Every structure is written in structure tokens, then in C-alpha cells.
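# Geometric and topological summary
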Amino acid sequence: MIATITMPRLLYVGGGAIAEVTTALQKLGARRPLIVSDPFMERSGLLAKLTDRLDAASVPWRLFAETVPDPTTAVVEAGVALLKAGNYDCLIALGGGSPIDTAKAMSVLAANGGAMRDYKVPNEIPALGLPLIAIPTTAGTGSEVTRFTVITDSECDEKMLIMGVACCPVAAIVDYELTFSMPLRLTADTGIDSLTHAIEAYVSRKASPLTDGLARAAMALIAKHIRAACREPQNRAARAAMMVGATQAGMAFSNASVCLVHGMSRPIGAFFHVPHGLSNAMLLPAITAFSAPAALERYADCARAMGIAAEGEGSQSAVARLLDELRALNDDLQVPTPKAYGIAAARYEELLPVMASQALASGSPANNPRIPTADEIIDLYKQVYARH
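In what follows, the accompanying structure is described. The shown structure was predicted, so the numbers you read here are calculated from the model rather than taken from an experiment. (Residues numbered from 1 in each chain as written. Predicted model: local features only at pLDDT ≥ 70, side-chain atom pairs only at ≥ 80, totals over all residues. Heavy atoms only, no water.)

### A few points about empty space enclosed by the protein
Formally: In this analysis a 1.4 Å probe is tested at points of a 1 Å grid over the protein atoms alone, and where it fits but cannot get out there is a cavity; an open set with protein on both sides within 12 Å along at least five of seven lines is a pocket; lining residues have an atom within 4 Å of a point. Grid points are joined across faces, edges and corners, and a volume is the space filled by probe spheres set on the points. For the purposes of this entry, the term helix denotes a DSSP run of H or I that reaches at least four residues, the term strand denotes a run of E that reaches at least two, and both are numbered from the N terminus. Here the nonpolar group is Ala, Val, Leu, Ile, Met, Phe, Trp, Tyr, Cys and Pro; Asp, Glu, Lys and Arg are the charged ones; every other residue, Gly included, is treated as polar.
Scanning all chains against the criterion turns up two cavities of 30 Å³ or more. Computed from the structure, the largest cavity encloses a volume of approximately 40 Å³. Lining the largest cavity are Ile199, Glu200, Val203, Cys259, Val261, Leu284, Ile287, Thr288, Ser291, Tyr299 and Asn368. Going through the elements one at a time, α6 (184-203) and α10 (276-291) are the ones with two or more residues in the lining of the largest cavity. The element contributing the most residues to the lining of the largest cavity is α10, with four residues. Its residues placed into classes, the lining of the largest cavity shows seven nonpolar, three polar and one charged.

### Looking at the environment of Met219
Note that Met219 resides in helix α7 (residues 209-231). Expressed as a C-alpha distance, the spacing of Met219 and Gly129, which sit 90 residues apart in the sequence, is 33 Å.

### A look at the pattern of salt bridges
Operational definition: Counted as salt bridges are all cases of a side-chain nitrogen of Lys or Arg within 4 Å of a carboxyl oxygen of Asp or Glu. Buried residues are those whose accessible area, probed at 1.4 Å on protein chains only, stays under 20% of the maximum for their type, while exposed residues exceed 50% and partly exposed ones sit between those limits.
Applying the stated criterion across every chain, the model contains 18 salt bridges. Among the salt bridges present, the one from Asp212 reaches Arg298, with a minimum N-O distance of 2.7 Å. With Asp212 in helix α7 and Arg298 in helix α11 (residues 296-305), this residue pair connects regions lying 86 residues apart in the sequence. Its relative accessible area of 26% is what places Arg298 among the partly exposed residues. Among the ionic pairs, Glu376 bridges to Arg370, the shortest N-O distance being 3.5 Å. In this structure, a network of salt bridges that share partners links the residues Arg216, Glu297, Asp301 and Arg304.

### Re the pairing of strand β4 (residues 90-95)
We count it as follows: A pair of strands is considered paired only if DSSP assigns at least 2 bridges between the two. Note on handedness: a clockwise path from strand one over the helix to strand two, with the strands aimed away from the viewer, defines a right-handed crossover.
Within β4, six of the six residues are buried, which leaves it mostly tucked inside the rest of the structure. Burial of β4 is two-sided: the residues Cys90, Ile92 and Leu94 facing one way and the residues Leu91, Ala93 and Gly95 facing the other way are all buried. Sheet topology note: the strand β2 (residues 33-36)/β4 ladder contains four bridges and is parallel. Among the inter-strand pairings, Leu34 is bridged to a residue of β4, identified as Leu91. As judged from the five bridges shared by β4 and strand β5 (residues 132-136), these two strands associate in the parallel manner. Opposite Ala93, over in β5, you have Ala134 as the bridge partner. Since β4 and β5 lie parallel, the crossover through helix α5 (residues 97-112) that links them has a hand, and here it is right-handed.

### A word on the sheet that holds strand β3 (residues 62-64)
Hydrogen bonds between backbone groups are what pair the strands of a sheet, and the pairing can be parallel or antiparallel. The test is simple: The axes used here are C-alpha line fits, helices contributing only the stretch in contact, and every angle between their N-to-C directions lies in the interval 0 to 180 degrees. Contacts are residue-level and defined by heavy atoms, with any inter-residue pair within 4.5 Å sufficient.
The six strands are arranged β1-β8-β5-β4-β2-β3 in an open sheet whose pairing can be described as parallel. Strands at the two margins of the open sheet, each flanked by one partner only, are β1 (10-13) and β3. Taken over all neighbouring pairs, the strand axes of this sheet differ in orientation by 15 degrees on average, direction set aside. Direction of pairing for β2 relative to β3: parallel, over a ladder of three bridges. Residue pairing for β3: Ile35 is matched across the bridge by Leu63. Against the sheet, helix α4 (residues 73-85) makes contact with β2, β3 and β4, and its axis sits at roughly 165 degrees relative to β3, the strand it touches most.

### Overview of α4
Stated precisely, the cut-off is as follows: The span you would expect from a helix comes to 1.5 Å times its residue count less one.
With 13 residues, α4 extends 18 Å from end C-alpha to end C-alpha; this agrees with the ideal 18 Å at 1.5 Å per step. Restricting attention to buried positions, one finds in α4 the residues Thr73, Val75, Val76, Gly79, Val80, Leu82 and Leu83. Where the residues of α4 are buried, they touch β2, β3, β4, α5, β6 (148-152) and β7 (159-163).

### Observations regarding the packing of helix α14 (residues 345-361) against helix α15 (residues 374-385)
Worth spelling out the cut-off: Angles below 35 degrees are treated as roughly parallel, those above 145 as roughly antiparallel, those between 65 and 115 as roughly perpendicular, and all remaining angles as oblique. Handedness of each helix crossing follows the sense of rotation of the near helix against the far helix: counterclockwise by less than a right angle gives left-handed, clockwise gives right-handed.
Where α14 contacts α15, the axes come no closer than 9 Å and their chain directions differ by 140 degrees. On the basis of their axis angle, the class for α14 and α15 is oblique. α14 and α15 meet at a crossing whose hand is right-handed. Contact residues: α14 offers Ala345, Tyr348, Glu349, Leu352, Pro353, Met355, Ala356, Ala359 and Leu360, while α15 offers Ala374, Ile377, Ile378, Tyr381, Lys382, Val384 and Tyr385.

### Remarks on the side chain of Asn255
For clarity, the cut-off: Polar contacts, as counted here, are pairs of nitrogen or oxygen atoms within 3.5 Å of one another; within protein the pair requires one atom able to donate a hydrogen and one able to accept it, and residues that are adjacent in sequence qualify only if both atoms are side-chain atoms.
Following the sequence through the fold, Asn255 ends up in helix α8 (residues 236-256). With relative accessibility at 7%, the residue Asn255 sits in the buried group. At a separation of 2.5 Å, a polar atom in the side chain of Asn255 contacts the main-chain amide nitrogen of Thr6. Sequence-distant contacts of Asn255, defined by excluding residues within four places in its chain, comprise Thr4, Ile5, Thr6, Arg147, Lys206 and Thr211.

### Considering α6
With 20 residues, α6 extends 29 Å between its outermost C-alpha atoms, agreeing within 8% with the 28 Å of an ideal straight helix rising 1.5 Å per residue. Among the 20 residues that make up α6, 17 are buried, leaving the element largely enclosed by the rest of the structure.

### So, the packing of aromatic side chains
Using the following cut-off: Put simply, two rings from Phe, Tyr or Trp (the six-membered ring, in Trp's case) pair if the centres are within 6.5 Å, and we call them stacked under 30 degrees between planes, edge-to-face over 60, tilted for the rest.
All chains considered together, the criterion is met by five aromatic pairs. Considering the side-chain rings of Tyr176 and Phe180, the 6.1 Å spacing of their centres and the 90 degrees angle between planes classify their relative orientation as edge-to-face. By the burial criterion, Tyr176 is buried, and Phe180 matches it. Ring geometry for Phe272 versus Tyr348: centroids 6.0 Å apart, planes at 35 degrees, classification tilted. Of this pair, Phe272 sits in helix α9 (residues 260-272) while Tyr348 sits in helix α14, and the two are 76 residues apart along the sequence. Relative accessible area serves as the criterion here: at 14%, Phe272 is assigned to the buried category.

Take a look at the structure:
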């Protein structure tokens, strides 16, 4: 199999890297950015870390700060209207996965027209849009280095996966100092999201030697540092490790794809407004247990990379340790079940066939080591609903 690798042209990684934003603009030949962010970035002072540098370099900018936690087509369309009304030559996204995904979708829609649903997988994106510089403030979705964006259709609540080179930022600024203000819940959820990216990239049917190395390195960093990052938010070493791990995991899954966890996670997020990382965490132990028999050695490698199984340990034993650790991590980071989160049983049950259908339609389950039927997906949804 020939692996196709897509990633940003420019990467700036390290504490204080946000200072390189003007350098990135110069290298890209861009001078008139539209900033895509959210209200929290304005209130917290993180936006000023970006705009102060732009002002100091006399770079004119305008802000679109109407992004929402789960990006919607309505928000994307509002952003595109602002983009078309101005003479912008690039986008800068500052924030978590939502502002970055919103900016990606704005670039795609402004360049190609039509509706966002026209570009959901498996449809192609014909034209490249304005270049995007992505600056993540979470560790994280990995969206700063991926060729994916996920947008919820405002009309039908479907979380649509949109994929292609047009969705990959041209530059990413990965500055762990922007993550110190992340609260515990966000640190935990985005951290488990990153771990899920790494595990799924490693066991994916589209994995390659290059993505394997990135995924293993990411698993090692995240497993070692996630609890410290949650317990000690000002721990520089833990924050730096989580940021690098999230970016490595993003590179891995962008090029190897995600699997069943993500396929099943998106409908939970769309219908019940559960944050993406949290819905992944709810599903990860049960889906790993379901999938592991079909790729025992690969999942055992995950346990070894995470430092919870010895290199010489047998695969059955290593996978048992992996499952124990995933459940323990959810317990330690207080990940609720869908029931504990407050999702009504009747509504959940009613939507199971639709959620299974949407999960399969996303294409992600087809990358899984064990490809599920719709009935098996429904059974897995039932398993995780109240499982402790």
C-alpha cells in the first residue's frame, strides 16, 4: 500500500511560538488576515497575544468570533459572508478544534460555493481556498495538522465529516503556553481525544510505517502526562508533552484515518451536544474491547507504547492491561456515562438506528480492525449507556 501523507507546510512548535505568526504570514506572502476565534479567547486575553503581535507589525486584521463549541453550517455561512465582504488573503484560527474547524469550512465554502453538505465524505472538494494558519489553544483535537473538519448540519443535526487537502492548514503554531488556562474538564476531554486519535491511527486499516511512529510517540507522551496536566494545570512539562502528543496524534490520524470510536462519537455529539472528546472517552474502552480480537498485536503494541505493558509481555496480557488502563483513566478523569451525563434513556433508545446509520455513513467504521454491522453498533451504544 502506498501511503499518502498530508500535513502543513510550516510548523512552529514550542513555548512562545505564537510570536512567529508574523513570520508565518511573511513566508506565505499574506498580509490581510481574518481571525476566526470565539468569545472566550477575547475574554481570556489569549486573543490579545495574537493581535498585539499583528498590531506591532502593522498587519491589518478583522475578527470573526461567533464560533460555537460544535461548529454548525449556520455559523460557517455567517463567517463566509464576512469573508466575502472583505479583502482578506488568509485566515488565522485561534482556539480549540471548533474555531479551527470553522475556519477550514469557511475556506472550503467560500472557494467552492454551494452548501457544506455538498462536500461531506465521500464527496471531493474541487478547489483550494484561502490559506489557513491554525493556532490551537487545547491539547487537543489535532485539527491544526489534519485534512479533516467536522461540521454539524443546522437543518438535521448531522455531524458531517469533510475531508481533503483543502482542509489542511498551510501553517500551524503549536504553543503549549496557550493551554495553561484550560480547565480540568477540557484538559481531560481533549487529552483522551488525542489518545483516541493515536490508538485509532495505529490500529486503522490505513496505517503506515510513518503514521505508526507518530502514533506510538503520541501514546507514550499522552499516557505519561495526561493525569499530571489535569491535576497540575501549571505544570509546564506536562502541558508541553500533551501539546506535542496531540499534534503528533493529529498527524497520525490525518494520514491513517480514525476508526469506530470516532464514527460512533459524532452522532452522540450531534444529537446530545456532548463535547467531542468526552463522547470519544465514553466509547473508547468498550469499542477497544470489541475491536481488539481482530488486531490483538496492534492493540498490545498500544499498551507497550503507553508504558503499561512490558515489551516482552504476551499480547493477550498486554491488551488486558490496555483495557484496564482505559477504564481507570475514565474513572480518574471522571468521564461520565451517557446516562450520568443526563441523556434521557428513551430519546437515546429512539435515536439508536439513526446514530448507527450516521456512524456507518461517515466511513470511519470501515477503517476499524473489526468492521461492525449496524446491529453491532447499536449493541455497543447500549453497552456504554450506563456502564461504569
